[in-house]
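# Coordinates in review
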Amino acid sequence: QVQLVESGGGLVQAGGSLRLSCAASGRTFSNYAMGWFRQAPGKEREFVAAISWSGGTTYYADSVKGRFTISRDNAKNTAYLQMNSLKPEDTAVYYCATKYYSGSYYYQGAYAYWGQGTQVTVSS
């Protein structure tokens, strides 16, 4: 089992930036691909970005491509989401998760363990 704790959320103005962190403990972090998802009030949880276990391959939702960057530091057992050019529609609770060995990177059902979430609010 893996425990995940997100941090780095907050309130920013449109056009600003935030970096989210996801600190992992428990099972060896490097064994897992990682993903970021988000959920706005009244909306379904949606895929944001993912990264392979080695960090060599990344995946992004079309809505964030070119603005967000996912990365990981296995030595620190931490994954990151750098968010630039933020828009009000990016406002949501952001969750990190560890991925099963099989399944699509784009769907939440492919992820095994989840953090508690961190709030990101983007004002106009």
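Let me begin by describing the structure that accompanies this report. (Residues numbered from 1 in each chain as written. Predicted model: local features only at pLDDT ≥ 70, side-chain atom pairs only at ≥ 80, totals over all residues. Heavy atoms only, no water.)

## A few points about the overall build of the protein chain
Which entries qualify depends on this criterion: Numbering of helices and strands starts at the N terminus; helices are DSSP runs of H or I of at least 4 residues and strands are runs of E of at least 2. Atoms counted for the radius of gyration: C-alpha only. Globule rule: 2.2 Å times the number of residues to the power 0.38. Partly exposed describes any residue whose relative accessible area lies between the buried limit of under 20% and the exposed limit of over 50%, with all areas from a 1.4 Å probe on protein chains only and scaled to the type maximum. When checking whether two residues touch, look at their non-hydrogen atoms; a contact exists if any pair is within 4.5 Å. Exposure was quantified through the Shrake-Rupley algorithm and a 1.4 Å probe, taking into account, for residues, occlusion by the shown protein chains and nothing else. Neither His nor the chain ends contribute to the count of charged residues, in which Lys and Arg are positive and Asp and Glu negative. Every charge is mapped onto a representative atom, which is NZ of Lys, CZ of Arg, CG of Asp or CD of Glu.
On a plain count of helices and strands, the protein chain comes out with zero helices and 11 strands. Tracing the protein chain from N to C terminus, the helices and strands come up as β-β-β-β-β-β-β-β-β-β-β. Taken over the C-alpha trace, the protein chain has a radius of gyration of 13 Å; the compact-globule value for 124 residues is 14 Å, and the two agree within 12%. Across the 124 residues in the protein chain, those meeting the buried criterion constitute 43%. Relative to all contacts within the protein chain whose residues are 6 or more apart in sequence, the contacts with residues 24 or more apart total 57%. Just so you have it, the protein chain exposes about 6,300 Å², and 48% of that area is on carbon and sulfur atoms. Charged side chains in the protein chain number 11 positive and 7 negative. The centres of these two groups are separated by 5 Å.

## Quick notes on the sheet that holds strand β1 (residues 2-7)
The criterion, for reference: Pairs of strands are assigned from DSSP output, requiring at least two bridges between the strands. Helix axes are fitted only over the stretch in contact, all axes being lines through C-alpha atoms; the angle between N-to-C directions runs from 0 to 180 degrees.
Reading across the sheet, the four strands line up as β1-β3-β8-β7 and stay open at both edges, with antiparallel pairing between neighbours. Each having just a single partner strand, β1 and β7 (68-73) make up the two edges of the open sheet. In this sheet, neighbouring strand axes are inclined to one another by 15° on average, regardless of whether the strands run parallel or antiparallel. Note: strand β3 (residues 18-26) against strand β8 (residues 78-83), six bridges, orientation antiparallel. Residue pairing in the sheet places L18 in a bridge with M83 of β8.

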